[in-house]
Amino acid sequence: MASMSVWRRLDFAQPAAAALLAVLGVMTIYSANADWTRQVAWIVLGVAAYLAAASLDYRRLLPLAPVMYGGMVFLLVAVHLVGRTALGARRWLSVGGFPLEPSELSKLLLVVMLAAFLGRQSSLSWRRFGIVLALAAPPAALILTQPDLGTTIVFAAILLGMLFLGGGRPAQLASLAIAALVTIPALPYLLHGYQRRRLEIFLNPSSDPLGAGYNLLQARIAVGAGGFFGQGFLHGLQGQLGFVPERATDFVFAIFAEQFGLLGSLLLLAIFGTLLVRLLKTAAVAPDRFGELIAGGVFVMLFVQVVENVGMNIGVLPIAGIPLPLISYGGSATITTLAALGLAQSVVLRRRLVVHQPPATYPEVFDPSAVRLSG
Amino acid sequence: MIEHDRWLTLAGAVPKPRWSFRLVAIGCLAVTALGALSIKLAQLQVTEGASLAALARANSVHRVVLEADRGVIYDRHGVPLVENAPAWTLEVVPEAMPPTTPARAAEVSELSTLTGVPLERLTAAIQGADPYGSLRIGPSLTEEQELAISERMPALPGVSIARHAVRTYLYPTILGHVLGYVGPIDPSQARKLSSRGYQPDELVGKVGVEAGLESRLRGVDGWADVVVDARGQVVRTLATRAPVPGDAVFLSIDLKLELATAAALAAGLQRDHKTAGASVVVDPRSGEVLAMVSIPGYDTNLFTHGISQADYAKLTSDPNLPLLNRAIAGQYAPGSTFKMVTAVAGLQEGKITPETMLSCPSYLSYGGWVYHNWASYSLGSMNLARALAVSCDTFFYQVAAQLGDITLARYARAFGFGSAMGLEMPGVQPGLVPDRIWKELTCGVPDLNSDACRWTLGDTVTFGIGQSALLTTPLNQAVYVAAIANGGNVLQPTLVHEIRDASGHTVLAQKTVVVDHVPVSAFNLGAVREGMREEINRPYNLNYWFRAAGVPADGGGKTGTAQWGGSGLDLPTHAWFVFFAPFAKPDVAMSIFVERGELSEVEAAPIAVQVMRYFNANRQAIQAA
């Protein structure tokens, strides 16, 4: 009885959308001549993480939040101390021979930590607002100085989004927005050389068509060359011939769009949209504020990454190294995303139930068939 | 679990999802953002799709030029004079090189070390090049360089070694002035010729026949449309058009006669301690140039392999001007070799007859100035033939004075003086025929009555013996003596015997073109030729050289020792000899020029005799079809 009940409670649309994305991701990575078998391995590990997170009662994480926060800071400090350096950034820890990117994992840890903190009260005093900022600042600084601008942006977006969902006052949100507006003009001075260059090139892509602006232009060309129906799977000139850089990671969307065209791209966005709507609904049906904020945080985390990644691929947002969830090649990101979705599923499984027809008298024995899924 | 849910249900928990305002707001934000991305995507993929797809093709589909083999140049009997030797050069696709500045700089500096091309030149070339095109770097590689680069190739992205043909001249110095050489096209020329498919790094004929017959020799490049990946590696070929090799050019030059002429000229110059000279041998029946030599020559192979600064500086600063093709571009006064023109004019205009006896004093005065004969004593009275044979200047002063400069100039021009001969190579100089109009036009003084502008009788009489401002070239002289030999036809000189296309069909065969016929009767011309025969048969003089060499003095010749470098008595001279043979039916005519020669009978004439010795011994081989 119990297992059947679990089966009926499951949000099927959410894992179905995630599975579809993972399949499209492996196909695109294969077309980009990257190591698709490794990506399949990451997905298998990610599915395990999903199942583990879904079967775990998320509420058990509540007391663990401080421990998770400590673990996150520990990992990020470890990256700075013993991390591997590649492409001018120190981002990877070698764990049992596998490269682990703690900044990816820290996105989810931040979601859980903020949900735990903000979920305790329905409104946010200025004092607690200050504590949230003070808690978020050290990991954000550690990520920014790796340097990893992309993940820092996602970090900031999760913070802002969860403060909004978690009852932040308009004045608090406005003060954060103003702080951001003040920081942006200062960015050129705060950024690492290549990051500053990326920003300049975003503002004027043709200024350096063969240097740093190359990526942006080639990605745009690839997306445009896809046309309405696309060049066909494995028939993208730009992607197959290697003109698009980072084509399995940052610019994977351009490769996808070249092969599958507008039709495929809109379908991909629709799948992401479905996933996001399911997460939002998960937040709406969550039995408590902790669950609601976990679902909302995962929503913000994925939403920001999709918008920024697609936006930079089509040249409407500056380039920042942010993966397209479940599509881009990468173990840490894939496993983190699937674990986050599993956690949201855990919230769904523990949601409130709606009584189909309130019985006039309560039966002696509870009849599960009278219970209907709310979704 | 069920117990828990039951508890909730029993407690009357909220029956619906709670859509808080903030959840709805953030949902709307997501819908808006994804909608905006969709609109932008539609714009990019549908509105701009076609143009961006074209850019994608331009990225990856490249047209590779397949170079046509340059036409081979042969002598008149089909002996090759050049070959297209295989060579290797370095090619770089800048786009495929490392994108970061330090890595690229390191690669460029390594290439500089491997090829010996200066770093600044290499950097500039790569920066200025089409990033997706392949740039050819520097001269051909030596075998060691080729090996060294091949070994390092895996560590040098964007670098490849291309095999191509290098023009190699088999007789680089002797035939250098005739064939010329190929070299990198000038940027301005490349722009002008780009419509005809010339590439900016193309090698074109720079001088000589290589330049004159460039359009024939070049052929038509083919192409291949290839798909390349981002590293510049060819993935597959879409379409090709095979190149059409350039035409095979059979020169009118006889290689062995050319070598013999060069040897005779070189030996003659060396014997008399002279450093420069030229000779042109033509067939007076057709106008074909059988041999053309200008000494000193230079090694044209230096140029095709990319000449070094030092070698080039050595050539340009050499006082003997080895780069000057004296045969076509050296302009000198003809001196006494011009006297046949004065003789023809005098006879034809009725001023003298072949039997008219004129004195040959040691000097004559015209306009208060004294004009000397070469002899300081009187040679007595003589007829025309004798005057030609002993080359009496004062005899021809008298004839020229009667003719006047305008008539003399008319005859000179009829013989081809003063006109560039339209040979199949650039740089042919016309020489100069002076007269009073020329002097007024070029004196450069506004007052036409000044000495500088006024033509004097002295100018006329010196003009009559091939001095004054008169200038000619060895080629001009050969055409002139050929006209005397063939009865008065000034023939278009030509270096081309035949041109065949790549499939062996004759596309151009030499045709004799009569440019001008000198208005002279056979009788009068015969009298002049008689004088030329008499000159080479003078005992103890020219006849000695013929007898010594065992060559019959059957023909006609005229020496000339021309003063140059201003006016005065002891001026430096050039030595000339013009000659045709045999007397009755001439089939060879030639001019010999010895720069700074002092005595034409001793310095120039023996060279012609040596050429004739070879010619007589090999007449049939030379004239074989």
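Residues numbered from 1 in each chain as written. Chains lettered and ligands numbered in written order. Predicted model: local features only at pLDDT ≥ 70, side-chain atom pairs only at ≥ 80, totals over all residues.

Chemist: Where do I start with the overall build of chain B in this structure?
Modeler: Along chain B, the regular secondary structure elements total 25 helices and 23 strands. Out of the 625 residues belonging to chain B, those deemed buried represent 44%. Of all intrachain contacts in chain B linking residues separated by at least 6 positions in sequence, the fraction that spans at least 24 positions is 73%. (Helix = DSSP H or I, 4+ residues; strand = E, 2+ residues; numbered from the N terminus. Buried ≥ 20, exposed ≤ 12 C-beta atoms within 10 Å, placed from the backbone. Contact = placed C-beta atoms within 7 Å.)

Chemist: Is there a simple way to think about the overall build of chain A in this case?
Modeler: Secondary structure assignment for chain A yields 14 helices and five strands. Out of the 375 residues in chain A, the part that is buried amounts to 51%. Considering only residue pairs separated by 6 or more positions, chain A has 70% of its internal contacts joining residues 24 or more positions apart.

Chemist: Looking at this model, I keep getting lost on the environment of Arg59(A). Mind explaining?
Modeler: Following the sequence through the fold, Arg59(A) ends up in the loop between helix H3 (36-55) and helix H4 (65-82). Arg59(A) sits 232 residues away from Gly291(A) along the chain, and the two C-alpha atoms are 7.6 Å apart.

Chemist: Is there a simple way to think about the sheet that holds strand S2 (residues 73-74) of chain B in this case?
Modeler: Two orientations exist for strands paired in a sheet by backbone hydrogen bonds: parallel and antiparallel. All names here are of chain B. Spatially, the four strands line up as an open sheet ordered S2-S10-S18-S19, and their pairing is mixed. Two strands in the sheet have a free side with no partner beyond their single neighbour: S2 and strand S19 (506-509). Both strand S10 (residues 248-251) and strand S18 (residues 496-500) contribute to a ladder of four bridges, which runs antiparallel. Across the sheet, Leu251 pairs through a bridge with Val496, a residue of S18. (Pairing = 2+ DSSP bridges.)

Chemist: Can you walk me through the sheet that holds strand S11 (residues 277-282) of chain B in this structure?
Modeler: All names here are of chain B. The antiparallel open sheet is built from five strands, whose spatial order is S12-S11-S23-S22-S21. Whereas interior strands pair on both sides, the edge strands pair on one side only; in this sheet they are strand S12 (289-295) and strand S21 (556-563). Each strand axis lies, on average, 10° off the axis of its neighbour in the sheet, ignoring direction. Both strand S22 (residues 573-581) and strand S23 (residues 588-594) contribute to a ladder of seven bridges, which runs antiparallel. Of the residues in S23, the one forming a bridge with Phe579 is Met590. (Axes fitted to C-alpha atoms, helices over the stretch in contact; angles between N-to-C directions.)

Chemist: Looking at this structure, I do not really get the packing of helix H2 (residues 13-31) of chain A against helix H12 (residues 252-285) of chain A. What am I missing?
Modeler: Residues and elements named next belong to chain A. Contact geometry for H2 and H12: axes closest at 9 Å, N-to-C directions at 165°. Here H2 lies roughly antiparallel to H12, going by the angle between them. For the pair H2 and H12, the sense of crossing is left-handed. Contacts between H2 and H12 involve Ala13, Gln14, Ala17, Ala18, Leu20, Leu21, Leu24, Thr28 and Ser31 on the former and, on the latter, Val252, Ile255, Phe256, Gln259, Leu268, Ile271, Thr274, Leu275 and Arg278. Classifying every residue of the contact of H2 with H12 gives twelve nonpolar, five polar and one charged. (Parallel < 35°, antiparallel > 145°, perpendicular 65-115°, else oblique. Left-handed = near helix turned anticlockwise from the far one by under 90°. Nonpolar A, V, L, I, M, F, W, Y, C, P; charged D, E, K, R; others polar.)

Chemist: Can you walk me through the pairing of S10(B) in this structure?
Modeler: Regular strands place their side chains on alternate faces of the sheet. All names here are of chain B. Burial along S10 is two-sided: the residues Ala248 and Phe250 and Val249 and Leu251 are all buried. Inspection of the sheet shows S2 paired to S10 by two bridges, in the parallel sense. In the sheet register, Tyr74 faces S10, and the bridge partner there is Phe250.

Chemist: Looking at this structure, how should I read helix H7 (residues 149-165) of chain A?
Modeler: An α-helix turns once per 3.6 residues; consequently, residues spaced three or four apart project the same way. Residues and elements named next belong to chain A. Here H7 spans 24 Å end to end across 17 residues, near enough to the 24 Å set by a 1.5 Å rise per residue. Taken across its 17 residues, H7 has 14 buried, putting it largely inside the fold. Following H7 by one or two positions, Gly167 adopts a phi angle in the positive range, close to 90°. (Expected span 1.5 Å × (residues − 1).)

Chemist: Looking at this structure, I do not really get the packing of H7(A) against helix H2 (residues 21-47) of chain B. What am I missing?
Modeler: Any two packed helices are characterised by how steeply their axes cross, that is the angle between the axes, and by the distance between the axes. Packing of H7(A) against H2(B) leaves a shortest axis separation of 9 Å and a crossing angle of 145°. Mapping the contact onto sequence places Gly161(A), Phe164(A) and Leu165(A) in H7(A) and Arg22(B), Leu23(B) and Ile26(B) in H2(B). Along the lines of polarity and charge, the residues of the contact of H7(A) with H2(B) split into four nonpolar, one polar and one charged.

Chemist: Teacher, can you tell me more about the environment of Val515(B) here?
Modeler: All names here are of chain B. Looking at the secondary structure, you find Val515 in strand S20 (residues 514-517). Put simply, Val515 and Ala414 are 101 residues apart on the chain and 9.3 Å apart in space, counted from C-alpha to C-alpha. When sequence neighbours within four positions are dropped, the list of residues in contact with Val515 reads Gly416, Val490, Leu491 and Gln492.

Chemist: Explain unusual backbone geometry here, please?
Modeler: Excluding glycine, residues mostly carry a negative phi; peptide bonds, for their part, are mostly trans. All names here are of chain B. The linkage connecting Ile295 with the following residue, Pro296, adopts the cis geometry, with an omega of 5°. Assignment of secondary structure puts Pro296 in the loop between S12 and helix H12 (301-304). Cis geometry is found at the peptide bond from Ala581 to Pro582, where omega equals -15°. One can find Pro582 in the loop between S22 and S23.

Chemist: Looking at this structure, how should I read the confidence of the model for chain B?
Modeler: When pLDDT drops low, the exact placement of atoms in the prediction is not to be read closely. Residues and elements named next belong to chain B. Per-residue confidence for chain B gives a mean pLDDT of 88; residues scoring 70 or more make up 95%. Below a pLDDT of 50 lies the segment residues 7-15, which in the model reaches ten contacts outside its immediate sequence neighbourhood of four places, other chains included. What the predictor reports for the complex is a pTM of 0.65 with an ipTM of 0.89. (pLDDT = per-residue confidence, 0-100.)

Chemist: Help me understand the environment of Phe463(B) in this model?
Modeler: Residues and elements named next belong to chain B. In this structure, Phe463 sits in helix H19 (residues 457-464). Spatially, the C-alpha atoms of Phe463 and Val433 are 9.0 Å apart, while their sequence positions differ by 30 residues. Excluding residues that lie within four positions of it along the chain, Phe463 makes contacts with Ala400, Asp405, Leu408, Pro434, Ser468 and Leu470.

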